[in-house]
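# A structural walkthrough
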Amino acid sequence: MGTCDAASASEVLTMNTKLRVLLVSFSAIQTGACAVEAEAPMPAPGYRGLIAEALTSDREFIAELAASSTCPDRGPWHGERAFYASPWLEAEAATIPASLLRYCRYIWDGQGDPGTATAMLLQQPDFVSINPIVRSVSVEADPLTAAAAPALRENAEWSYHHVSGADVAGSNASRHPVHLAVIDTEPLGGIQGPSSHGRGMRRLIEKIVCPEGKVGCAVTTLPIVGIPRFPNGTVDFDGGGHVAAPSDPAVGIVEAVSRWRAANASNPTDPSRLVINLSFGVSGGLQSAIGAASENMMVDSLAYARCSGAVVVAAAGNERGHGDSGAAWPAILETVNRPTPSECTTRFGVSSPADPGSYRPLVNAVGALALNGGLSPITIDDSVPRLVAPGTLVPTPAPYETLTGTSVATAEVAGIAALLLSYNPGLSASEVMQLIYDNGSTSGLAEVTAATALSGMPEVRRALACESLQDACSRAGAINSCPALTCTYPFNPPHTVAAISGLLDAVAVEPDHELTATFEDDPTEVYCTALDGEEVLTYGPSKLTRCSESSLRDPLAHLIVPQPGSHGCGTCGFETNTSELTLALDDQYLNPTVAVRAVAITLYDVNKDSVVYELGDLPLDGEKTVVSLEKDLPVFTIAGGTATIYFETGKVTEDELIMN
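In this text, all values refer to a predicted model and were calculated from it rather than measured experimentally.

## Quick notes on the pairing of strand β7 (residues 273–278)
Buried residues dominate β7, accounting for six of its six residues. Side chains Arg273, Val275 and Asn277 project from β7 onto one buried face, and the interleaved Leu274, Ile276 and Leu278 project onto a second face that is buried too. Pairing between strand β5 (residues 178–184) and β7: five bridges, direction parallel. Looking across to β7, one finds that Leu180 is bridged to Val275. Of the strand pairs in this sheet, β7 and strand β9 (residues 311–315) are connected by four bridges, and their pairing is parallel. Its bridge partner lying in β9, Asn277 is registered against Val313.

Structure, rendered in structure tokens:
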């Protein structure tokens, strides 16, 4: 890979570009392998209007001031430093670089609707940029039957060549300390917050970084709230929430660096390394709604982390029906270089450790693999970064939770990076990620082409833990007790998809009836136009207002939600030989007051050409319901599919079908 050279300040893109953040962050627009797309695709008509309508109703703003400020009140608007949203950072204010104190949060303190008072705030002469806070709601991981979970986990561990306790036996005591910050929904202290997403990420990581067990493990996981919000607008950086505004995770990132620095100050002779995991994102079609102030706040927090020597990994994002293209934000910032040492000193007053290598991105994006080892069907067009990892139906250690999406893959790669640093702390942040890439596998990834890869990315590779650690232990800086590994694995995973499906079937309760999808109420084929302009063939009676709700989702559904989203039907399957679907609600939806309003099944081929079957209000429950789709099956070879369930509450879930 060639060097990603930074452009001069005069070449920085305009405010109309996808990455407005680069205007004031640092001169970091890239050429060659790190090129930034000059123009962002515009959402379809109506979609953008819905975003604007939602934004103008908010009563909370992020403002970027021209210089550090005390964030004074502006009339009925109460101002406070944006990074003080974290109780830790407010108490440790002296640890925050002065350049980050120019970000302020303004909250409406007046009575009634802000109305014209909003204009007063927007017209402040010392504001470089200002944008409203955006909120949305999501529920995350769901339980998976214990019968199939061990097999699924073994497959995932085989896919990234898991390093076991036996592989590294006796080396725990001499490993170098590493702090791995999980910026998510879980607060420090392991207290279960309102969302289990952060806990799931942490437990997946601990399985990788502590192969001999958590007792005496050199890697300390730091659950830090970066997703603190609730649907009613409440913000809780102490206990965590369900979703975030785009600026919220920036607070968690700076808190992670501050806590890491505090830990090293108490142990200066053996300072730990830092890895930061970001399993969340804003999908490409919604990035224009973020706002420059929030973008700049996130970029500055990431730059500060990289200047401090941190490895930062971020989820590339999941396709959820928006017609998105390009990686999620902030994963898209892999196309941007980290600051230079001189910029680190100037901007943040920190001395940046050496970070050799020609590829030094601001973040390292991670994509997800399907059960068969190929790309996950939820992959967004033009979003595949250079590193991928298992991301489909990956269970955490017991008690099991099913996790699907680039969140999972990101946590796995973060864990591998921390594992390597604990055995070779001499590696720089960029070196450790390059080492993981260099030791990756291309098996099963021939489908990744220039049309699907993140702009400018080289050959895509699956991260492998054993091979990467083996290489790290052979390099200068490795600890004396680095294990001697022999990384030999069979070509095929331990369990076939069919075998896993059999485990699921073995515990499913057969109903005393079989539902058959019929299309008598609407025998005519209908073509719906999706947000990306594609015409999608649709069949069946519908409660979805044909061609509207089925192709136009809540425009705020992914600003910012953890990846993956919720599972309504995490273990649903399709039998290609018999054309039968098996559908069953996950446990969290087994509530008589949460009725299913409609079910839609999408089947697609390798080119993502698709057919949608709208099945109406099937009486789904926790038992297996069988639905025949033999009539009107598409003429193409079915490569995959998704089950979308619409609930009367307005909740929508979308899950990959297990194909047999």
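That shown, we press on.
## Quick look at the confidence of the model for the chain
This prediction gives the chain a mean pLDDT of 76; 72% of its residues lie at or above 70. For residues 548–558, every residue scores under 50 in pLDDT, and the model assigns this stretch 39 contacts once sequence neighbours within four places are set aside.

## A short note on the sheet that holds strand β6 (residues 219–225)
The strand order across the open sheet formed by seven strands is β6-β5-β7-β9-β10-β11-β14, and the pairing between neighbours is parallel. On the outer flanks of this sheet lie β6 and β14 (461–462), each paired with one strand and no other. Against the sheet, helix α9 (residues 406–423) makes contact with β5, β6, β7, β9, β10 (364–369) and β11 (387–390), and its axis sits at roughly 165 degrees relative to β9, the strand it touches most.

## Examining the state of the cysteines
Under the criterion given, the structure shown has five disulfides. Linked covalently through their sulfurs, Cys210 and Cys217 form a disulfide whose S-S length is 2.2 Å. Between Cys210 and Cys217 the disulfide shows an S-S torsion of about -85 degrees. By sign, it is left-handed. Taken individually, Cys210 and Cys217 each receive the classification buried, so the pair is uniform in this respect. Each sulfur of the disulfide joining Cys307 and Cys344 lies 2.0 Å from the other. Its S-S torsion of about -80 degrees marks the bond between Cys307 and Cys344 as left-handed, since a negative value means left-handed. In this pair, Cys307 is assigned in helix α7 (residues 292–307) and Cys344 in helix α8 (residues 341–348), connecting sequence segments 37 residues apart.

## What to know about the nonpolar core
By size, the foremost hydrophobic cluster in this structure holds 65 residues, and its most contacted members are Phe83, Ile183, Ile276, Leu278, Leu302 and Leu333. If you list the elements that add at least two residues to this core, you get β5, β6, α6 (248–265), β7, α7, β9, α8 and β10. In terms of residue count, the dominant contributor to this core is α7 (nine residues). The contact partners of Ile276, leaving out residues within four places of it in the chain, are Ala181, Ile183, Ile253, Val257, Ala305, Ala310, Val311, Val312 and Val313.

## Here's the deal with unusual backbone geometry
A cis amide bond links Trp329 to the next residue, Pro330, at an omega of 20 degrees. One non-glycine residue, His161, adopts positive backbone phi at about 55 degrees. Relative to the helices and strands, His161 resides in the loop between α4 (149–159) and β5. One non-glycine residue with positive phi stands out, namely Ser579, at about 60 degrees. Position of Ser579 among the secondary structure elements: in the loop between β19 (573–575) and β20 (580–583). Residue Ser579 is classed as buried on the basis of its relative accessible area of 7%.

## Structural notes on the packing of aromatic side chains
Within this structure, the stated rule accounts for five aromatic pairs. Relative to Trp77, the ring of Phe61 lies with its centre 5.3 Å away and its plane at 85 degrees, an arrangement referred to as edge-to-face. Taken as a pair, Phe61 in strand β1 (residues 60–65) and Trp77 in strand β2 (residues 77–81) lie far apart in primary sequence, 16 residues in all. The interplanar angle of 45 degrees and the centroid separation of 5.6 Å between the aromatic rings of Tyr106 and Phe127 together place this pair among those described as tilted. Taken together, the positions of Tyr106 in strand β3 (residues 103–108) and Phe127 in strand β4 (residues 127–132) put the pair 21 residues apart, joining distant regions of the chain. Overall, Phe127 belongs to the buried group, its relative accessible area being 10%. Site record: aromatic cluster; members linked through ring pairs are Phe61, Trp77 and Trp108. When the ring centre of Tyr437 is taken as reference, the NZ or CZ atom of Arg386 above it lies at 4.7 Å.

## Notes on helix α5 (residues 197–209)
With 13 residues, α5 should reach 18 Å at 1.5 Å per residue; the first-to-last C-alpha distance of 19 Å fits that figure. His197, Gly198, Gly200, Met201, Arg202, Arg203, Leu204, Ile205, Glu206, Ile208 and Val209 are the residues of α5 that are buried.

## Let's talk about empty space enclosed by the protein
For the structure on display, the rule yields three cavities of 30 Å³ or more. Taken together, Arg153, Ala156, Glu157, Tyr160, Leu204, Lys207, Ile208, Val394, Pro395, Pro397 and Glu412 make up the full set of residues lining the largest cavity. Going through the elements one at a time, α4, α5 and β12 (394–395) are the ones with two or more residues in the lining of the largest cavity. Taken together, the residues of the lining of the largest cavity break down into seven nonpolar, no polar and four charged.

## Considering the side chain of Asp184
In this fold, Asp184 is placed in strand β5. Despite its burial, Asp184 pairs with no opposite charge; the closest candidate is Arg202, at 10 Å N-O. Separated by 2.8 Å, the side chains of Asp184 and His197 make a polar contact. With near-sequence residues (within four places) excluded, Asp184 lies in contact with His197, Gly198, Met201, Ile224, Val225, Gly226, Ile227, Ser279 and Pro562.

## Quick notes on the packing of α9 against helix α11 (residues 465–473)
In contact at an axis separation of 9 Å, α9 and α11 are set at 25 degrees when each is read in the N-to-C sense. The orientation of α9 relative to α11 falls into the category roughly parallel. The way α9 lies across α11 gives a crossing that is right-handed. Touching Ile416, Leu419, Leu420 and Tyr423 of α9 are Ala465, Ser468, Leu469, Ala472 and Cys473, all from α11. Of the residues in the contact of α9 with α11, the class split is eight nonpolar, one polar and no charged.

## Digging into the pairing of β11
Across four bridges, β10 lies against β11 in parallel orientation. Within β11, the residue paired with Ala368 across the bridge is Ala389.

## Notes on the environment of Ala389
Note that Ala389 resides in strand β11. Residues Ala389 and Thr410 lie 21 residues apart in sequence; the distance between their C-alpha atoms is 7.5 Å. Ignoring sequence-local partners within four residues, the contact set of Ala389 consists of Val366, Gly367, Ala368, Leu369, Ala409, Glu412 and Val413.

Each value, and the rule that gives it
Residues numbered from 1 in each chain as written. Predicted model: local features only at pLDDT ≥ 70, side-chain atom pairs only at ≥ 80, totals over all residues. Heavy atoms only, no water. Buried < 20%, exposed > 50% of the residue type's maximum accessible area, 1.4 Å probe, protein only. Helix = DSSP H or I, 4+ residues; strand = E, 2+ residues; numbered from the N terminus. Pairing = 2+ DSSP bridges. pLDDT = per-residue confidence, 0-100. Contact = heavy atoms within 4.5 Å. Axes fitted to C-alpha atoms, helices over the stretch in contact; angles between N-to-C directions. Disulfide = S-S within 2.5 Å. Core = buried A, V, L, I, M, F, W, Y, C linked by side-chain atoms within 4.5 Å. Phe/Tyr/Trp six-rings, centres within 6.5 Å; stacked < 30°, edge-to-face > 60°. Lys NZ or Arg CZ within 6 Å of the ring centre and 35° of its normal. Expected span 1.5 Å × (residues − 1). 1 Å grid on protein atoms, 1.4 Å probe; cavity = no way out; pocket = protein on both sides within 12 Å on 5 of 7 lines; lining within 4 Å. Points joined across faces, edges and corners; volume = space filled by probe spheres on them. Nonpolar A, V, L, I, M, F, W, Y, C, P; charged D, E, K, R; others polar. Lys, Arg positive; Asp, Glu negative; His and termini not counted. Salt bridge = Lys/Arg side-chain N within 4 Å of Asp/Glu carboxyl O. Polar contact = N/O pair within 3.5 Å; in protein donor to acceptor, adjacent residues only side chain to side chain. Parallel < 35°, antiparallel > 145°, perpendicular 65-115°, else oblique. Left-handed = near helix turned anticlockwise from the far one by under 90°.

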